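Observations on the model geometry
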Amino acid sequence: EAGVAQSPRYKIIEKRQSVAFWCNPISGHATLYWYQQILGQGPKLLIQFQNNGVVDDSQLPKDRFSAERLKGVDSTLKIQPAKLEDSAVYLCASSFDRGSQAFFGQGTRLTVV
Amino acid sequence: AQSVAQPEDQVNVAEGNPLTVKCTYSVSGNPYLFWYVQYPNRGLQFLLKYITGDNLVKGSYGFEAEFNKSQTSFHLKKPSALVSDSALYFCAFFTQTGANNLFFGTGTRLTVIP
């Protein structure tokens, strides 16, 4: 069974630039999460999708972050404009349904300079 | 507010000795608790979970965890540590109300010394 795929693996951008991350969840998984993991900290939930709908985006900084899952499969997370403090690993996870075991991708390491 | 706490940022243990990574929870209702491990430059990997049933849960790579309701703890254990167990360990829980989100503790770095 293929795992959660994320791209790119690494990204370096200058502050005020924009960046997008892509996630392809495990086939058949309805629930998709995006997390931000700053070095030395635990993952922080940004947004949860159920199919193509947003379940919870209460922790997403909506002035600069946006995410979509238009067809209920792949998802993109965008940051515009980026700030230095956005430097982190962005993790995507999927699960069969809400409350079931979540599987994580390898993450995208973003460095904002 | 619901949460899990990992009181130790760092745990060092000698190879072959038993290891314990601590987690306490403050979760309403019946908690769904998890342990994940993160190796360098890799994503989070599921180790084990407690939802209901036996308080002692067995997981991957020889790890186990004991759910203790009276102490609100869910400590991760292994009888004999390996150098390859050195990694970052996260305790996590699912909220069972609202959005059913998965929240993580701050993590404990385990170092197994040869």
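Residues numbered from 1 in each chain as written. Chains lettered and ligands numbered in written order. Predicted model: local features only at pLDDT ≥ 70, side-chain atom pairs only at ≥ 80, totals over all residues. Heavy atoms only, no water.

1. Notes on the overall build of chain A
For chain A, the helix and strand inventory stands at zero helices and 11 strands. Ordered by position from N to C terminus, the α and β elements of chain A give β-β-β-β-β-β-β-β-β-β-β. Along the first, second and third principal axes, the C-alpha set of chain A runs to 35 × 25 × 25 Å. Each of the 113 residues in chain A was classed as buried or not, and the buried ones make up 47%. Sequence-distant contacts in chain A: of pairs separated by 6 or more residues, those separated by 24 or more amount to 52%. (Helix = DSSP H or I, 4+ residues; strand = E, 2+ residues; numbered from the N terminus. Buried < 20%, exposed > 50% of the residue type's maximum accessible area, 1.4 Å probe, protein only. Contact = heavy atoms within 4.5 Å.)

2. A word on the nonpolar core
Residues and elements named next belong to chain B. Trp 35, Leu 47, Leu 48, Phe 74, Leu 76 and Tyr 89 are the most contacted members of the largest nonpolar core, which totals 28 residues. When contributions to this core are tallied by element, the ones reaching two or more residues are strand S2 (10–14), strand S3 (19–21), strand S5 (32–38), strand S6 (44–50), strand S8 (64–68), strand S9 (73–78), strand S10 (87–94) and strand S12 (108–113). Considering each element in turn, this core owes the most residues, four residues, to S10. Those residues in contact with Tyr 89 that sit more than four places away from it in its chain are Gln 6, Val 21, Trp 35, Tyr 36, Val 37, Leu 47, Phe 63, Leu 76, Gly 107, Thr 108 and Leu 110. (Core = buried A, V, L, I, M, F, W, Y, C linked by side-chain atoms within 4.5 Å.)

3. Brief notes about the interface of chain B and chain A
Residue-level contacts link 21 residues of chain B with 24 residues of chain A. The contact between chain B and chain A buries some 1,600 Å² in all, and 50% of this surface belongs to carbon and sulfur atoms. On the chain B side of the contact with chain A, B:Asn41, B:Leu44 and B:Asn101 bury the most area, a combined 25% of that side's loss. Inspection of the region where chain B meets chain A yields five residue pairs in polar contact (both at pLDDT 80 or more). Where the side of chain B that touches chain A is concerned, the elements lending two or more residues are S5, S6, S10 and strand S11 (102–104) of chain B. Here the side of chain B that touches chain A takes four residues from S5(B), the largest share from any one element. Its residues assigned to classes, the side of chain B that touches chain A shows 12 nonpolar, eight polar and one charged. (Buried area = accessible area lost by both parts, 1.4 Å probe. Polar contact = N/O pair within 3.5 Å; in protein donor to acceptor, adjacent residues only side chain to side chain. Nonpolar A, V, L, I, M, F, W, Y, C, P; charged D, E, K, R; others polar.)

4. Description of the pattern of salt bridges
Residue and element names in this part refer to chain A. Counted under the stated rule, the structure contains five salt bridges over all chains. We note a salt bridge from Lys 62 to Asp 57, for which the minimum N-O separation is 3.7 Å. Take Asp 57: its relative accessible area is 28%, and that puts it in the partly exposed class. (Salt bridge = Lys/Arg side-chain N within 4 Å of Asp/Glu carboxyl O.)

5. Remarks on the confidence of the model for chain B
Per-chain confidence: chain B averages 91 in pLDDT, with 97% of residues scoring 70 or above. The weakest mean pLDDT in chain B belongs to S11(B) at 88; the strongest belongs to S2(B) at 98. (pLDDT = per-residue confidence, 0-100.)

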